Amino acid sequence: MSRRILLLGSTGSIGTQALDVISRSDDLEVVGLSAQSNWEALVAQAVEHQVPRIAVTDEDLGALAAEAWTDGEVLRGPEGLVRLVLESGADLVLNALVGSAGLGPTVATLGEGIDLALANKESLVVGGELVMALAEATGASILPVDSEHSAIHQLIHGEQATGGLASIEKLVLTASGGPFRGRTRSELEGVSVEQALKHPTWAMGGKITIDSATLMNKGLEVIEAHHLFGTPYERIDVVVHPQSIVHSLITLVDGAALAHLGHPDMRVPIAYALHHPQRTEVPVKPLDLAEVGSLTFEPVDTDSFPCLRLSREAAIAGGTAPCVLNAANEVAVHAFLEGRLPFLGIPEVIDGALQELGSQPIRAFETLYDADREAREVASGLVSTVTA
Ligand code: NDP
Ligand code: MG
């Protein structure tokens, strides 16, 4: 019997690569798709993959989709997205939305006890404790799609089979360093949007590409790893590795270190999550280390890239601080992409929002939605002062 997949954010970078993985398999069937506004591409995907149900988060554009496509059901708005989760009969939901908008669908999926393939790292950054507790309570599994976390998931799985988790000393996440690796702080003044969007090793959506240039992406990933694997922050390290061949490693108590390698291609971790616990063929270039020649590693420069330090501080403060960090980052990145904020203004806005709002205890998901909203308001105000 085929596995029924619901793909949220199907028009994005992860979403389209997931459809490529699904179309190569006889064991996977798509039962629903979603997009925010790109409804024409969404309808074309629904036709091509014979999908019965789609959701468009933008209400008005959802109405246009419903007029244009009458072969299936069109759900609308953020509530429509949650209904899609509840009504699709999926065995596995792939959450490939961008930003804290992914939290609601993550909660709906896990609340129903449906397994979750998670690309939307922001869900865990914002609501890690509650999200993990919900998965535990309903028995749903979370399979990471982020390449570093997929690598660690596979490495840990091997250790679990032999010695148990006590043998693991550290998780080491690799970072490409982004397009501005090696630059000093003053050399980052005035860098353009175009330069920041040129990632050296991965082709991704706009928001995560800017997060990679500021190294905020790695900060979010440290928080993601903490929640996924239950590892304390002092046992999660980051090392810069420009070739993106080593996707992450774990170090063990006996001095051994295990690493996961391959050419950078997100279809590998996507296929792993969608087929788990099976493996399937993915048409990627085989790894020939002699051809690669050299793999290099260097420490992170937190003077030039303060976002990683800000993330660790927010993570350790806990409560709503990571939610504030994430919301302020989303607002700042959006402003940078629109030319309203300089590159170095991104950490400035995040720092300002964290200082102003601090950390509040989290009582329920409502606390997070409120903190997200408040942090967006504060960060928007800060964007105008930094620009001025
Ligand atoms: P994209 O921007 O390419 O795609 C995002 C998708 O989500 C699109 O389908 C978009 O619809 C939809 N969307 C955007 N905003 C909203 C919203 N507010 N509500 C509902 N739907 C929305 O992002 P990526 O594919 O690059 O990234 C997706 C997630 O995966 C992110 O969390 C990212 O950090 C993570 N990730 C991505 C990697 C990559 O290689 N791209 C690697 C590792 C992790 P529309 O097309 O209509 O705008
Ligand atoms: Mg990653």
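Caption draft 1: How the structure looks around the layout of surface pockets. In this structure, the second largest pocket occupies an estimated 490 Å³ of space. In terms of lining residues, the second largest pocket is bounded by 22 residues, among which Ile-156, Gln-160, Leu-165, Leu-228 and Phe-229 are the most central. Secondary structure elements with two or more residues in the lining of the second largest pocket: helix 6 (121-138), strand 7 (142-144), helix 7 (147-162), strand 8 (168-175) and helix 10 (216-229). Per element, the largest residue contribution to the lining of the second largest pocket is four residues, and it comes from helix 7.

Caption draft 2: Quick look at the coordination of the magnesium ion (ligand 2). In the first shell of the magnesium ion (ligand 2), the protein supplies Asp-146 (OD), Glu-148 (OE) and Glu-221 (OE), at 2.1 to 2.2 Å from the metal. Counting along the primary sequence, the residues that act as donors to the magnesium ion (ligand 2) give the motif D-x1-E-x72-E. Residue Glu-148 is found in helix 7, and its partner Glu-221 is found in helix 10; the two are separated by 73 residues along the sequence. The class of Glu-148 is buried, set by a relative accessible area of 7%.

Caption draft 3: Molecular detail of the site of ligand 1. Taken together, 24 residues lie around ligand 1, and Thr-11, Ser-13, Ser-37, Asn-38 and Glu-122 are the ones closest in. At 2.7 Å from an oxygen atom of ligand 1 is found a main-chain nitrogen or oxygen belonging to Ser-37. Residues that form the shell around ligand 1 fall into these classes: ten nonpolar, eleven polar and three charged.

Caption draft 4: A look at the sheet that holds strand 11 (residues 257-261). Read from one edge to the other, the open sheet built from four strands follows the order 9-8-10-11, with strand pairing classed as mixed. Two strands bound the open sheet, and with one partner strand each, they are strand 9 (236-240) and strand 11. Strand after strand, the sheet turns through a mean of 20° between neighbouring axes, direction not considered. Bridging between strand 8 and strand 9 involves five bridges; their strand directions are parallel. From the neighbouring strand, Val-172 faces strand 9, where its bridge partner is Asp-237. Sitting on the sheet, helix 10 touches strand 8 and strand 9, and the angle it makes with strand 8 is about 150°.

Caption draft 5: Layout of the nonpolar core. Counting residues in each nonpolar core, the largest one holds 86 residues, and the members touching the most others are Leu-171, Leu-325, Phe-343 and Ile-350. Of all hydrophobic cores here, the second largest spans 34 residues; its members include Ile-14, Leu-42, Trp-69 and Trp-202.

Caption draft 6: Main features of helix 14 (residues 321-337). The terminal C-alpha atoms of helix 14 lie 24 Å apart, and with 17 residues this matches the ideal 24 Å at 1.5 Å per residue to within 8%. Most of helix 14 is tucked away, with 15 of its 17 residues classed as buried. The first or second residue beyond helix 14 is Gly-339, which carries a positive phi of 75°.

Caption draft 7: Local environment of empty space enclosed by the protein. For the structure on display, the rule yields one cavity of 30 Å³ or more. Approximately 40 Å³ is the volume found for the largest cavity. Around the largest cavity, the lining residues are Thr-214, Ser-304, Phe-305, Pro-306, Cys-307, Phe-343, Leu-344 and Pro-347. Of the residues that constitute the lining of the largest cavity, the class distribution is six nonpolar, two polar and no charged.

Caption draft 8: Region of interest: a nonpolar patch on the surface. Residues Leu-261, Leu-287 and Leu-289 make up a contiguous nonpolar surface patch of roughly 230 Å² in combined accessible area. Counting through the fold element by element, Leu-287 comes out in the loop between helix 11 (267-275) and helix 12 (289-292).

Caption draft 9: Quick peek at the pairing of strand 6 (residues 115-118). Sheet topology note: the strand 5 (residues 92-95)/strand 6 ladder contains four bridges and is parallel. Bridging from a neighbouring strand, Leu-92 pairs with Asp-115 of strand 6. This β-α-β element, strand 5 to helix 5 (residues 103-111) to strand 6, shows right-handed connectivity. The parallel pair strand 6 and strand 7, bridged by helix 6, forms a crossover whose chirality is right-handed.

Caption draft 10: Main features of helix 1 (residues 13-23). Every buried residue of helix 1 is accounted for by Ile-14, Gly-15, Gln-17, Ala-18, Leu-19, Val-21 and Ile-22. At its buried positions, helix 1 is contacted by strand 1 (3-8), strand 2 (28-35), helix 2 (39-48), strand 5 and helix 11.

Caption draft 11: Inspection of the packing of aromatic side chains at higher detail. Considering all chains together, one arrives at two aromatic pairs under this definition. Between Phe-180 and Phe-343, the aromatic rings sit 5.2 Å apart at their centres with planes inclined by 80°, giving edge-to-face as the arrangement. Of the two residues, Phe-180 is situated in the loop between strand 8 and helix 8 (193-196) and Phe-343 in the loop between helix 14 and helix 15 (345-357); the sequence distance between them amounts to 163 residues. Its relative accessible area of 3% is what places Phe-343 among the buried residues. Between Phe-336 and Phe-343 the ring centres are 5.6 Å apart and the planes differ by 70°, which places this aromatic pair in the edge-to-face class.

Caption draft 12: A look at the pattern of salt bridges. Under the criterion given, the structure shown has 21 salt bridges. With its nearest N and O atoms 2.9 Å apart, the salt bridge here joins Glu-73 to Arg-53. One end of the pair, Glu-73, is in strand 4 (residues 73-76); the other, Arg-53, is in strand 3 (residues 53-56), with 20 residues separating them in the sequence. Each of the salt bridges in this network shares a partner with another, and the network as a whole consists of Lys-121, Asp-146, Glu-148, Lys-218 and Glu-221.

Procedures and definitions
- Sequence order as written defines residue numbering, which begins from 1 separately in each chain.
- Chains and ligands are labelled by the order in which they are written, letters from A for the one and numbers from 1 for the other.
- Where local features are concerned, this predicted model is filtered to residues with pLDDT of at least 70; where side-chain atom pairs are given and counted, the filter is 80 or more; whole-chain, interface and lining totals use all residues.
- Values reported for side chains reflect all heavy atoms of the structure, with hydrogen atoms and water molecules removed beforehand.
- A pocket here means an open set of points on a 1 Å grid, computed over the protein atoms alone, that has protein on both sides within 12 Å along at least five of seven lines. A cavity is instead a set of points where a 1.4 Å probe fits but cannot get out; residues with an atom within 4 Å of a point line either one.
- Grid points are joined across faces, edges and corners, and a volume is the space filled by probe spheres set on the points.
- Segments assigned H or I by DSSP are reported as helices when at least four residues long, segments assigned E as strands when at least two residues long, and all are numbered from the N terminus.
- The donor set comprises N, O and S atoms within 2.8 Å of the metal, extended to 3.2 Å for Na, K and Ca; water molecules are omitted, so apparent gaps in a site may simply reflect that omission.
- With a 1.4 Å probe rolled over the protein chains alone, any residue whose accessible area is under 20% of its type maximum counts as buried; one over 50% counts as exposed, and the rest are partly exposed.
- Distances are taken per atom, and a residue is near a molecule or strand as soon as one of its heavy atoms is within 4 Å of it.
- We call two N or O atoms a polar contact when they sit within 3.5 Å, provided that within protein one can donate a hydrogen and the other can accept it, with sequence-adjacent residues counted only if both atoms are side-chain atoms.
- The classification used treats Ala, Val, Leu, Ile, Met, Phe, Trp, Tyr, Cys and Pro as nonpolar, Asp, Glu, Lys and Arg as charged, and all other residues, Gly among them, as polar.
- Following DSSP output, two strands are said to pair if at least two bridges run between them.
- Here, axes are lines fitted to C-alpha atoms. For helices the fit covers the stretch in contact, and angles between N-to-C directions go from 0 to 180 degrees.
- Contacts: residue pairs with any heavy atoms within 4.5 Å of one another.
- Definition of nonpolar core: a set of buried residues of the types Ala, Val, Leu, Ile, Met, Phe, Trp, Tyr and Cys, connected through side-chain atoms within 4.5 Å.
- In this scheme, a helix's expected span is set at 1.5 Å multiplied by one less than its residue total.
- A residue counts toward a patch only above 30% relative accessible area and without a salt bridge, and it is joined to like-charged neighbours within 9 Å or, for Val, Leu, Ile, Met, Phe, Trp and Tyr, to nonpolar neighbours within 5 Å.
- Throughout, the Shrake-Rupley method with a 1.4 Å probe supplies accessible areas, and for residues the shown protein chains are the sole cover considered.
- Here, a salt bridge means any Lys or Arg side-chain nitrogen found within 4 Å of an Asp or Glu carboxyl oxygen.
- Classification remark: right-handed applies to a crossover when, strands pointing away from the viewer, the course from the first strand over the helix to the second runs clockwise.
- Any two of the Phe, Tyr and Trp rings considered here, Trp counted by its six-membered ring, make a pair once their centres fall within 6.5 Å; the pair's planes then place it as stacked at under 30 degrees, edge-to-face at over 60, or tilted in between.

The analysis is restricted to geometry; functional conclusions fall outside its scope.
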